[in-house]
Amino acid sequence: MKQNIVGLIYTGERVDELQELTRYRNTAALPMVGRYRLIDFTLANMIHSGIKNIGIIMQKNYHSLMDHLGSGREWNLHGKRSGLTILPPFMSRENVGVYDGLLDALHNNMNFMRRSVERNIVVTDSNVLYQVDFRDMMNHHLDNKADITLLYTKDRNVRRNARGRYLQVEKDQVTKLEIDPTIPHFENTYVGAFIIRRELLIDLVDRAVASGQHHSSREMIAQMVSERIYRIGAFECPGRVWMIDSVESYYQCNMDFLNDKLRAQAFRDDKPVWTKLRDEMPARYMGDSLVTNTLVADGCLIEGTVENSILFRGVVVKPGAVIRNSIIMQDAVISRNAEVENCILDKQTTLREDVRLIAPRSYPLVVPKNLTI
Amino acid sequence: MQQHKTCVAMLLAGGQGSRLGILTRHVAKPAVPYGGKYRIIDFPLSNCANSGIDTVGVLTQYKPMELNSYIGSGAPWDLDISTGGVFVLPPYSKGEEGEWYKGTANAIYQNLAFIEQFNPKYVLILSGDHIYKCDYAEMLAHHIKHEAALTVAVRQVPWEDASRFGLMNTDEDGRIIEFEEKPKNPKSNNASMGVYVFTWEKLRDYLTSDERDPKSQNDFGKNIIPTMLNAGERLVAWNFNGYWKDVGTIESLWDANMDLLSPTPPINLHDRKWRIYARNVGEPPHFASPKGVIQNSLVTEGCEVYGKVVHSVLSADVKVAEGAVVEDAVIMPHAKIGKNAVIRRAIIAENAEIGEGAVIGEETGDIAVVGSNTIVAPGYVLKAGEQLGE
């Protein structure tokens, strides 16, 4: 059923810790779990919450994201009454095309918010992976008579020292907020998603920008908490939450999908995660292939050994090749007797025959796109 | 606005395919799954898309529901365009007449008005019964070059099998001089593939006059081609050399799947210049579990393998539980294989559930088949060549 919520996804996070992985793409476009990009999970959350209109604020390196989303057809977001609105950066008198955080981005995309007809808006970051039904969050927001409701998790997996936003929650209300504490005091981590009445958000952004001091949503929310004018609700995100903000967390998130229970949380029969299609044939196992505890996408050709790994679409594993604890992206080729362990091979990389690439478990090595070793 | 299409394709998809037994009891033959993520109809539709033919009428009659929803808007084959696209054409009532499709020619005859609206120069007639990759544009170019009224795609079959086919006897220039339907003493081994290119006016005229003949069976092979030959029309043969598999029987459907498992498959589905498109089910990558074993197999997205899979084809969202063995088998979408079940030389149709310890098929002998949505009791034994299901 149609919901009275419009979605807005901000993809401008700058995450230097993702190294080469985000050199030519933004975080939202990170390849995930064999055939997806990170934004697919955010889109799935919105679509399965009945949200039919979704805006995506683009920032930098958004070519691969644009290519991925296309007309939105694969997500059924290409209708007349529904759809995907791509909001690329643009230059204006006050804006040089580079947003200084979410609030600035919202300010520069006021037209999207003004033009929408839905009463409420859900605004999310794009570097977090979780499963939530925004309808539940909306109902909680209404029952709680909140002005704004923040999504949070108790999952310790997303806690970072000196980074993140932590909430003190009392009776479903946010009473204190910590930004980037050296050691977080509160057990609740803000997940980077909030629901608010659309007109209230427009008003808040207008006022924040008019006062000229606030350029980040962190400060906007911090101010709201400290002013005690607004009722700030809190809604706990069920299940596991992954924050993708470093090579290690990217690696761990992908590897977590080898776990049956976590995979079942993300991929439910009634809530498919859509993505761009490639029309590959099924994966082929040939010769002396030996594959265990591995996710394999269509189009792979496997003649070697693969353990505890994730193979994206079209990966070729030649006879005698060995892959362990690694993430191998689209169309990579692992030649005869090559060996790779604890690595992340970006798209179209090639390991030549007999090459051994073995990184320590604690520090996965990223091999950039198109590289031949 | 009057449209002018160079070529419109008409795909005959109404056949039951009764020799597929339980597999076509609920779906038309073109909707039968093949090769892990395809259905038979994906081949002619993808061939059309890859050949630059953007207008396709699909004639349905037998159990069309699944086929209709599968084709949908035609988007998977790029056939959802406003200047053409894919059209499902069931029989319809026409005033007081209204009737089922009587034969292949009659099916096209009943849809002459559909073809007329595109005002094409040529009409390509296809069937939804075969696995093959074919560039219809080459065939069309051959037809145009030889100024033919009708071009028939032929392939050379072994002489000893020739008497099972409709044969096109040609002169040195490839012009058809005689057509023989399953002759005892074949004069050629050029078997018709049932793929035709007609010049539109000729097709319209011959179909219209054939319809007036009460004795006609309204069939292309039996009636239209012989009549055109007798009238002295220019009929030419076009040779096709690629892989071509009729999947009309349980055995041949199983064989065609097993063909994909050879080290160098006779049909390359990994050809990125000639992709076979299919409606995608949106499943995650398949999971090869820590204790599972997969050898010489095709495994599609959405599968979870906890048991042993050897020399088999697993379609989307198939689950193979611990201790189960799947060997020389074709498992169609969403089927579940229970713990310690053993599947050998078998086809398990869509959504079937095989109970714990059940034994389906044998190491030798004919192919065993479990029909769609069938729930097989734990410990049940289905012998070689047997079929189970509604």
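Above: the structure in question.
Residues numbered from 1 in each chain as written. Chains lettered and ligands numbered in written order. Predicted model: local features only at pLDDT ≥ 70, side-chain atom pairs only at ≥ 80, totals over all residues. Heavy atoms only, no water.

**Digging into the packing of helix α6 (residues 200–212) of chain B against helix α7 (residues 220–230) of chain B**
Residues and elements named next belong to chain B.
Link 1 in the chain: Between α6 and α7, the shortest axis-to-axis distance is 11 Å and the interhelical angle comes to 115°. Here α6 is positioned roughly perpendicular relative to α7, judged by the angle of their axes. In the packing of α6 onto α7, the handedness of the crossing is right-handed. Residues K202, L203, Y206, L207 and D210 of α6 lie in contact with α7, whose contacting residues are F220, N223, I224, T227 and M228.
Link 2 in the chain: Residue classes in the contact of α6 with α7 are distributed as six nonpolar, two polar and two charged. (Axes fitted to C-alpha atoms, helices over the stretch in contact; angles between N-to-C directions. Helix = DSSP H or I, 4+ residues; strand = E, 2+ residues; numbered from the N terminus. Parallel < 35°, antiparallel > 145°, perpendicular 65-115°, else oblique. Left-handed = near helix turned anticlockwise from the far one by under 90°. Contact = heavy atoms within 4.5 Å. Nonpolar A, V, L, I, M, F, W, Y, C, P; charged D, E, K, R; others polar.)

**Overview of the pattern of salt bridges**
Link 1 in the chain: Applying the stated criterion to the full structure yields 45 salt bridges over all chains.
Link 2 in the chain: A salt bridge links D245(A) to R163(A); the nearest nitrogen and oxygen atoms lie 3.7 Å apart. Residue D245(A) is located in the loop between β13 (242–243) and α8 (247–256), and its partner R163(A) is located in the loop between β8 (148–153) and β9 (165–170); the two are separated by 82 residues in the primary sequence.
Link 3 in the chain: We classify R163(A) as partly exposed; its relative accessible area is 31%.
Link 4 in the chain: In this structure, the salt-bridge partner of R263(A) is E304(B), at a minimum N-O distance of 3.1 Å. Of this pair, R263(A) sits in helix α9 (residues 260–266) while E304(B) sits in strand β17 (residues 304–305), each in a different chain. (Salt bridge = Lys/Arg side-chain N within 4 Å of Asp/Glu carboxyl O. Buried < 20%, exposed > 50% of the residue type's maximum accessible area, 1.4 Å probe, protein only.)

**Digging into helix α6 (residues 198–210) of chain A**
Because an α-helix packs 3.6 residues into every turn, residues spaced three or four apart end up facing the same way.
Link 1 in the chain: Look at α6(A): 18 Å from first C-alpha to last across 13 residues, which is about the 18 Å you get at 1.5 Å a residue.
Link 2 in the chain: All buried positions along α6(A) are accounted for by R198(A), L200(A), L201(A), I202(A), L204(A), V205(A) and A208(A). (Expected span 1.5 Å × (residues − 1).)

**Here we look at the packing of aromatic side chains**
Link 1 in the chain: Taken as a whole, this structure holds 19 aromatic pairs over all chains when the rule is applied.
Link 2 in the chain: An aromatic cluster of at least three residues, connected via ring pairs, comprises Y36(A), F41(A), W242(A), F257(A) and F267(A).
Link 3 in the chain: The ring of W254(B) is capped by R345(B), whose NZ or CZ atom sits 4.8 Å from the centre of that ring. (Phe/Tyr/Trp six-rings, centres within 6.5 Å; stacked < 30°, edge-to-face > 60°. Lys NZ or Arg CZ within 6 Å of the ring centre and 35° of its normal.)

**Considering the state of the cysteines**
Link 1 in the chain: Under the defined criterion, the tally for this structure stands at zero disulfides over all chains.
Link 2 in the chain: For the unlinked cysteine C48(B), the closest cysteine sulfur is that of C7(B), found at 8.1 Å.
Link 3 in the chain: The class for C48(B) is buried, based on a relative accessible area of 0%.
Link 4 in the chain: Here C303(B) stays unpaired: no disulfide links it, and the sulfur of C300(A), its closest cysteine neighbor, is 13 Å away. (Disulfide = S-S within 2.5 Å.)

**Thoughts on the interface of chain A and chain B**
Link 1 in the chain: Opposite the 36 residues of chain A that make contact, chain B presents 38 residues.
Link 2 in the chain: Both sides of the chain A and chain B interface together cover about 3,000 Å² of buried area, and 47% of this is carbon and sulfur.
Link 3 in the chain: Looking only at chain A, the three residues that lose the most surface to chain B are D279(A), M281(A) and Y285(A), adding up to 21% of its buried area.
Link 4 in the chain: Between chain A and chain B we count six salt bridges in total.
Link 5 in the chain: The tally of links between chain A and chain B comes to 22 residue pairs in polar contact (both at pLDDT 80 or more).
Link 6 in the chain: At the level of elements, α9, β14 (283–285) and β15 (290–296) of chain A are the ones that each hand at least two residues to the side of chain A that touches chain B.
Link 7 in the chain: Of all the elements, β15(A) adds the most residues to the side of chain A that touches chain B, at six residues.
Link 8 in the chain: Looking at the side of chain A that touches chain B residue by residue, the class counts come to 17 nonpolar, eight polar and eleven charged.
Link 9 in the chain: Sheet topology places β14(A) next to strand β16 (residues 298–299) of chain B; two bridges connect them, and they run antiparallel. (Buried area = accessible area lost by both parts, 1.4 Å probe. Polar contact = N/O pair within 3.5 Å; in protein donor to acceptor, adjacent residues only side chain to side chain. Pairing = 2+ DSSP bridges.)

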